[in-house]
Each structure stands twice: as C-alpha cells, then as structure tokens.
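Working through the structure, step by step
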Amino acid sequence: MIPDDRWLAASWPFVRGQLPPVPARLLEVGCGRLGGFVPALLDEGYEAVGVDPEAPEGLPYRRVEVERYEPPGSVEGVVASTSLHHVADLGEVLDRLEALLVPGGVVVVLEWAWERFDEATAWWCFARLVPPAPGEEPSWLHHHQERWAASGQPWDDYVRAWAAEEGLHPGAAIVGELDARFSRQLHAEGPYYFGDLPATSEAEEQAAVDAGQIRAGGIRYVATRP
C-alpha cells in the first residue's frame, strides 16, 4: 500500500527499508491528520500505532502527545516524519522514545532543517508554486511567500523570527540530540520541498541541490537503541 500523499509516498520506500522484519511493534510519532505511514505499516503486517494530538479517530491511533502516551508495552521501531522540529521539548520527547524502544530497536527520522531554508532556496520554491485548487488550502510555502512580502524584512531576519515564534528546533540540534541517545546508522541530507511543489519532482530538487542552486532541506536519519 502506497500512502496517499506525495511526501509520504516518496518517503515510504526508504522508511520501509529501515524497519525490522514483520511482525514488529511500531510507533509513529506525529502521524498527523492523514495517519502518516500507519495504514501502509498495517498493510505490511506490522503492529503499528500512530500518536498525534490531531490523529484520525479510533484505532490504531491515539490523540495525545507522545510524552503522555502510555503504550501496552515496548516497541521495536519508531518512525518520526517531520514531527520532531516542532515538539515543545525535544529532549523530553527523545527520552520518551528511548524508553519505549527495546534494546536494538530502530528509530527512523525524516526531518526538515529550517536553518538551511535560505533566501535562494525560498526563491526557488516560490518560483515553482502553483495556485491552490478550488477549495484547497494554500500550502505553508504560499503563506511564507505572502508573509515575507508583507513583512518588508530581509529573508534571513524574517525566517529566523518566524522559527523563534513557532519554537522550531534546527535540524542540526535534532541530529545532535538523537546522536546523544542512539547509535547512528545513517544520516543523509536531501530534498524536502517537492512535497508541496506539485509540478516539481524529487529528482529535480535533488538536481538543484547538486548544482548548488539551493540547500538541502531534508534529513534522513536511522539509528538503533544501544
């Protein structure tokens, strides 16, 4: 089952390739309103639970912050897709995940390094935006394009003020906190914005990164619990 979302569909082969064999007990942190990878995980034969205050209703979801999630037992794998950069207390969340994982358990993280969202990268994204379809909400990139224009600020000042207002954790800080608790197996940087750019492919974004036109915003990280 391929997730019905551009970002999730593009990320699914990577996520699936890092997980322990079926059947295993898995937890997805910050599965969001769409349910994240949980439907695909269940379809593969995993025992999966998605935790998010805005998760879909009913099983296999829990509408709660992961810090307050009380599972029936430990898990063999954790997936966190673009959820760690906006948690309230990064250290507390990662301590919780460490406690939930069995020794040798796998943590798979897909993240955004907002500190690498520089002006050249912003312009590249804005030039590739398409108008929202009728009845569709504008994307977060549409909102940034409008807010930046209205602010009158230099891009770096604008984006740093926004990140501080939102309490976002930099990608480098996320990786550092993960390394402090887990044994890193993989850390790679790559595309991120294509998920909200319907006319732009992941390969096109990677080509722009390789050419030095933009900075890689995406993080892929895999580790195990010692």
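Before reading further, recall that the structure is shown in the block above.
Residues numbered from 1 in each chain as written. Predicted model: local features only at pLDDT ≥ 70, side-chain atom pairs only at ≥ 80, totals over all residues. Heavy atoms only, no water.

**Some thoughts on helix H4 (residues 119-126)**
How we decide: Residue exposure (1.4 Å probe, protein chains only): buried if accessible area is under 20% of the type maximum, exposed if over 50%, otherwise partly exposed. Here a helix means four or more residues in a row that DSSP labels H or I, a strand means two or more in a row labelled E, and each is numbered from the N terminus. By the convention used here, residues are in contact when the closest approach between their heavy atoms is within 4.5 Å.
The set of residues buried in H4 consists of Thr121, Ala122, Trp124, Cys125 and Phe126. Contact partners of the buried residues in H4: helix H5 (140-151), helix H6 (155-166) and helix H8 (202-210).

**Quick look at the pattern of salt bridges**
Defined as follows: For salt bridges, the criterion is a side-chain nitrogen of Lys or Arg within 4 Å of an Asp or Glu carboxyl oxygen.
The full count for this structure, using the stated rule, is twelve salt bridges. A salt bridge links glutamate 65 to arginine 68, with the shortest nitrogen-to-oxygen separation between them at 3.2 Å. For arginine 68, a relative accessible area of 52% gives the class exposed. The salt bridge partner of glutamate 202 is arginine 220, with a shortest N-O separation of 3.7 Å. Of the two residues, glutamate 202 sits in helix H8 while arginine 220 sits in strand E7 (residues 218-224), which places them 18 residues apart along the sequence. The class for glutamate 202 is partly exposed, based on a relative accessible area of 28%. When its relative accessible area of 26% is taken as the criterion, arginine 220 is described as partly exposed.

**Here's the deal with H6**
Convention followed: Take the residue count of a helix, subtract one, and multiply by 1.5 Å to get its expected span. Each direction from the helix axis to a C-beta atom contributes to the arc, which is the arc of those directions.
The end-to-end C-alpha separation of H6 is 16 Å, in line with the 16 Å expected for twelve residues at 1.5 Å each. Listing the buried residues of H6 in full gives Trp155, Tyr158, Val159, Trp162 and Ala163. Seen along its axis, H6 keeps its buried residues to an arc of 125°; they face one direction. Opposite the buried face of H6, at more than 90 degrees from it, the exposed residues are Ala164 and Glu165. Among the residues trailing H6, glycine 167 stands out with phi positive, at a value near 70°.

**Description of the packing of H5 against H6**
How we decide: Every axis corresponds to a line fitted to the C-alpha atoms, with the helix fit spanning only the stretch in contact, and the corresponding angles, defined between N-to-C directions, vary from 0 to 180 degrees. Helix crossings fall into two classes, left-handed where the near helix is turned counterclockwise from the far one by less than a right angle and right-handed where it is turned clockwise. In this count, Pro and Cys sit with the nonpolar residues alongside Ala, Val, Leu, Ile, Met, Phe, Trp and Tyr, while Asp, Glu, Lys and Arg are called charged and the others, Gly among them, polar.
In contact at an axis separation of 10 Å, H5 and H6 are set at 115° when each is read in the N-to-C sense. The chirality of how H5 crosses H6 is right-handed. Where H5 abuts H6, its residues His144, Arg147, Trp148 and Ser151 lie against Trp155, Tyr158, Trp162 and Glu165. Its residues placed into classes, the contact of H5 with H6 shows four nonpolar, two polar and two charged.

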